[in-house]
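Results of the structural survey
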Amino acid sequence: MAEAHSAVAFSFSITHEGWHLNYDREVLHLVWQSGIRSWKKRLAQFRSGVRNGVYPAHLQSLWLVIAVAIALHFTQRHVPFNLVSKFLGLLPGDTVGYQLAACGLAGLFFWLCICYTMRYSLKLLLMYKGWMYEKRAPGSKVSLPTRLWALFVKVLATWNKPGLYSFQGSLPRLPLPSVQETMSRYLRSVRPLLNDSNYTRMESLAKEFESTIAPKLQRYLMLKSWWSTNYVSDWWEEYVYLRGRGALMVNSNFYGIDAIFTQPTTVQSARAASVINMLLQFRRIVERQELEPILVQGLVPLCSWQYERIFNTVRVPGVETDKIVHYQDSNHIVVLHRGCYYKVVIYHNGRILRPCELQIQIEEILNSSDKPQPGEELVAALTAGDRTKWAKIRESVFAKGVNKTSLHLIESAAFVLSLDEHPFEFDMAHPEKLDQFGRYLLHGNGHDRWFDKSFTVCVGSNGRIGFNSEHTWADAPVMAHVWENIVAEEQIQKRYDENGNTLGIPEFEPPKPKRMAFNLDYPEALDAIQEAHVASQQLLNDVDLRIFVHDAYGKGLMKKCRLSPDAYLQMALQLAYYRDAGKFSLTYEASMTRLFREGRTETVRPCTIESAAWVKAMEDPSIGVEERVKLLNKACDRHQLGYQDAMCGKGIDRHLFCLYVVSKYLELDSPFLKEVLSEPWRLSTSQTPHGQTAKMDLKKHPNCISAGGGFGPVADDGYGVSYIVAGEDLIFFHISSKKSCGTTNSERFAQQIARALADIKHLFEQYKTQQQKQKSVTNGTAAN
């Protein structure tokens, strides 16, 4: 009970001699500082809220408009609509003071009119998506409508520096496609996957659905699209993530890796302290809305809604559905080391602790001789297992006493940091080391990551870092932005001395980390923890992860081929999968819909009629080089169109998903929707974005780019492939599958990707040689 007693700030007692008050000055001081920090944060948020509410107008322009109104009134010129006189008539007098007040009200009215005219003008401009379909190849011309549109957007959106959420009110809503459009796109997408009889059957199901219950479902969905900010996102979060009862580890959570070609320090405590400090600095600029919003092509804003829940966020298990809980503030993080949990205070006198002060705290944890209590070492396995079982044991074991207190500290922490006992290594000569690096981050040992938290920072014993992130609160690009900022900051700033320790001298002795306590030494708790541990070991031992570093070439050659790097790589994956499996498969590629308010993701289906034709041509020796190149260009163009459609709200899968949800609410059965939603994604792919922060200058720091990250396979008999184009001559592929599946093998698939990429390169080399020969023959004939 010592922890409970130490949490009491004050107490008093009454006796026959009077009353006596006892209080803990340190605790009361912490409470006072927390309150001050909270009010400062609220004030900053209020100020930012007002600024965002009137954006793209500027707050300072209010005084200019009021000054104009005053000048017009006192020079006997009427303010438009004679508003000053009308307001003056509502006031109790017409003295100079009241006249100034009336001028102020009139100025405020006109200023608000100007603000909202600008805002809705910008919103109308951002609804235009023609720019997405403009060709960007060298020599291509931009159409006149797009040039005029870009000019107006630039005038409205860039004259006033925006905050993180400034564009939120100007972003358009995600449009709802018609059922006919979605059916047409869907049938086209499955054509290469079905033989004639199965395609005819699917076509019949689609027509039946379109002519029966689809119009009714669409009407309800249209009503939701009018009423809600985004007709997809809340249902997507609820039914795809929160209602899932399976394990988060491997199945849902994803990971990100350090910049592997540079290592700023090998001192674990120093790297941990520096990363903690940088993350807290990032949290502060997000809270103050000082982070610059991402602008596509420096012009079109992306929705920043997901940034709100990066820190102080946890997914809380429930019996039937989980929930996301976001705490407004947190003055601590939780550090996990050797099965023990520590609360680390991160503020002192209203400021974030410096790296050198944080390093003292981390070293104290690393040097501690603490041993985990019974059950404590494996307690995090509960977050890795079945959600319903975790929810029930949470209600019975963690609902009171010291367990409740400790669980609340973990869940309310800014984030969790794990000090691992093994090194995170990379060596081009030993690729298995990078594979192991990825495995440590994806699942660890099954009980050294708190998988419910928005993210857990993992620090290897040699100072390399990575993260494991929960997926519900946001999509991978948001966490990639955070990570890219960390990687860039360490390159820009000198943060370590020659011995690898953090720079600076502590100004005070930082608060000692507090060991957290659990009371788990009874059968119900230990049995549940052991069961979760066994399940997590079975799951992680089944993961086959291979991180393939392709350094033969990168996006430099793809650009010379005049192809989109993403389309190029997706075609390589189609060819690799066909060679690996002997057939085509339904393929998932994640794209974003953040051009719209509260947008998350949409599915691009890279397996198309055109991609299948090209793949078959590559396997048919009778088809010539020129025809193969022609088919590849068609396939890449089709893929680009599919990606553009998905980003512009013209996708297939999110619309069908929402129609399915409505059908379940109305208890209407649809064989078509049931079959579509049950189709397995045997090849699930995603590209990790980079260049989301202006700090990342790869020309100055070519080695500071992260190796990207990955995720587990979506289907038991499929592959999960994440890739990052890490420069002109480097691509990382994170390939996952299950060892228990006899038809998949991550190493084999990596070899197929390498072969496919080599074959495409060779194809263009042959094509170039042929073109030069034809040109020489043509020139020679012309000369004769």
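Values in this document were obtained by computation on a predicted structure and should not be read as measured data. (Residues numbered from 1 in each chain as written. Predicted model: local features only at pLDDT ≥ 70, side-chain atom pairs only at ≥ 80, totals over all residues. Heavy atoms only, no water.)

Describing the sheet that holds strand β15 (residues 514-515)
Across the sheet, eight strands lie side by side as β15-β9-β8-β12-β13-β14-β3-β20; this open sheet has mixed pairing. The open sheet is flanked by β15 and β20 (709-710), the only strands paired with a single partner. Helix α15 (residues 431-442) contacts β3 (254-257), β13 (455-459) and β14 (465-469) of the sheet and is inclined by roughly 135 degrees relative to β3. (Pairing = 2+ DSSP bridges. Helix = DSSP H or I, 4+ residues; strand = E, 2+ residues; numbered from the N terminus. Contact = heavy atoms within 4.5 Å. Axes fitted to C-alpha atoms, helices over the stretch in contact; angles between N-to-C directions.)

A closer look at the pairing of strand β22 (residues 731-738)
Burial of β22 is extensive: eight of the eight residues sit out of reach of the surface. Residues Ile731, Phe733, Ile735 and Ser737 point to one face of β22 and Phe732, His734, Ser736 and Lys738 to the other, with burial holding for every one of them. As judged from the eight bridges shared by strand β16 (residues 543-550) and β22, these two strands associate in the antiparallel manner. Residue pairing across strands places valine 549 opposite phenylalanine 732, the latter belonging to β22. Of the pairings in the sheet, the one linking strand β21 (residues 719-725) to β22 comprises six bridges and is antiparallel in character. Following the sheet pairing, glycine 720 is matched in β22 by serine 736. (Buried < 20%, exposed > 50% of the residue type's maximum accessible area, 1.4 Å probe, protein only.)

Observations regarding the sheet that holds β22
Pairing between the strands of a sheet is mediated by backbone hydrogen bonds and can be parallel or antiparallel. With respect to topology, six strands assemble into an open sheet ordered β16-β22-β21-β19-β17-β18, the strand pairing being mixed. Looking at the sheet topology across the chains shown, the edges are occupied by β16 and β18 (601-604). Within this sheet the neighbouring strands show an average axis-to-axis angle of 20 degrees, counted without direction. Its contacts with the sheet put α15 on β16 and β22, and the angle it makes with β16 is roughly 130 degrees.

Here's the deal with the nonpolar core
Judged by nonpolar contacts, the single largest core of 123 residues is most densely connected at Phe415 and Phe672. The dominant element in this core, judged by the number of residues it contributes, is helix α5 (residues 96-126), at 10 residues. Among the nonpolar cores identified, the runner-up in size contains 43 residues, and Tyr553, Leu575, Ala635 and Cys636 belong to it. (Core = buried A, V, L, I, M, F, W, Y, C linked by side-chain atoms within 4.5 Å.)

Focus on the pattern of salt bridges
This structure, assessed with the given rule, holds 41 salt bridges. Aspartate 420 is paired through a salt bridge with arginine 449; the nearest N and O atoms lie 2.7 Å apart. With aspartate 420 in the loop between β12 (416-419) and α15 and arginine 449 in the loop between α15 and β13, the pair connects residues that are 29 residues apart, well separated along the chain. Since its relative accessible area comes to 3%, aspartate 420 is described here as buried. A salt bridge links glutamate 602 to arginine 654; its shortest N-O distance comes to 3.9 Å. With glutamate 602 in strand β18 and arginine 654 in helix α22 (residues 653-665), this residue pair connects regions lying 52 residues apart in the sequence. Residue classification places arginine 654 among the buried positions, given a relative accessible area of 3%. Through salt bridges with shared partners, a single ionic network connects Arg245, Arg315, Asp322, Arg387, Asp452 and Glu470. (Salt bridge = Lys/Arg side-chain N within 4 Å of Asp/Glu carboxyl O.)

Overview of the packing of aromatic side chains
By the definition in use, this model includes 32 aromatic pairs. When the centroid spacing of 6.4 Å and the interplanar angle of 25 degrees are considered together, the rings of tyrosine 116 and tyrosine 120 count as stacked. Of the two residues, tyrosine 116 and tyrosine 120 both sit in helix α5, four residues apart, roughly one turn of that helix. We classify tyrosine 116 as partly exposed; its relative accessible area is 40%. By relative accessible area, which is 45% here, tyrosine 120 ends up partly exposed. Note on tryptophan 236 and phenylalanine 657: the rings are 5.1 Å apart at their centroids and 85 degrees apart in plane angle, and the pair reads as edge-to-face. Of this pair, tryptophan 236 sits in helix α10 (residues 233-242) while phenylalanine 657 sits in helix α22, placing them 421 residues apart in sequence. Residue classification places phenylalanine 657 among the buried residues on the basis of a relative accessible area of 8%. Site record: aromatic cluster; members linked through ring pairs are Tyr341, Trp390, Phe398, Trp450 and Phe518. Directly above the aromatic system of tyrosine 199 lies the positively charged group of arginine 191, at a separation of 4.5 Å from the ring centroid. (Phe/Tyr/Trp six-rings, centres within 6.5 Å; stacked < 30°, edge-to-face > 60°. Lys NZ or Arg CZ within 6 Å of the ring centre and 35° of its normal.)

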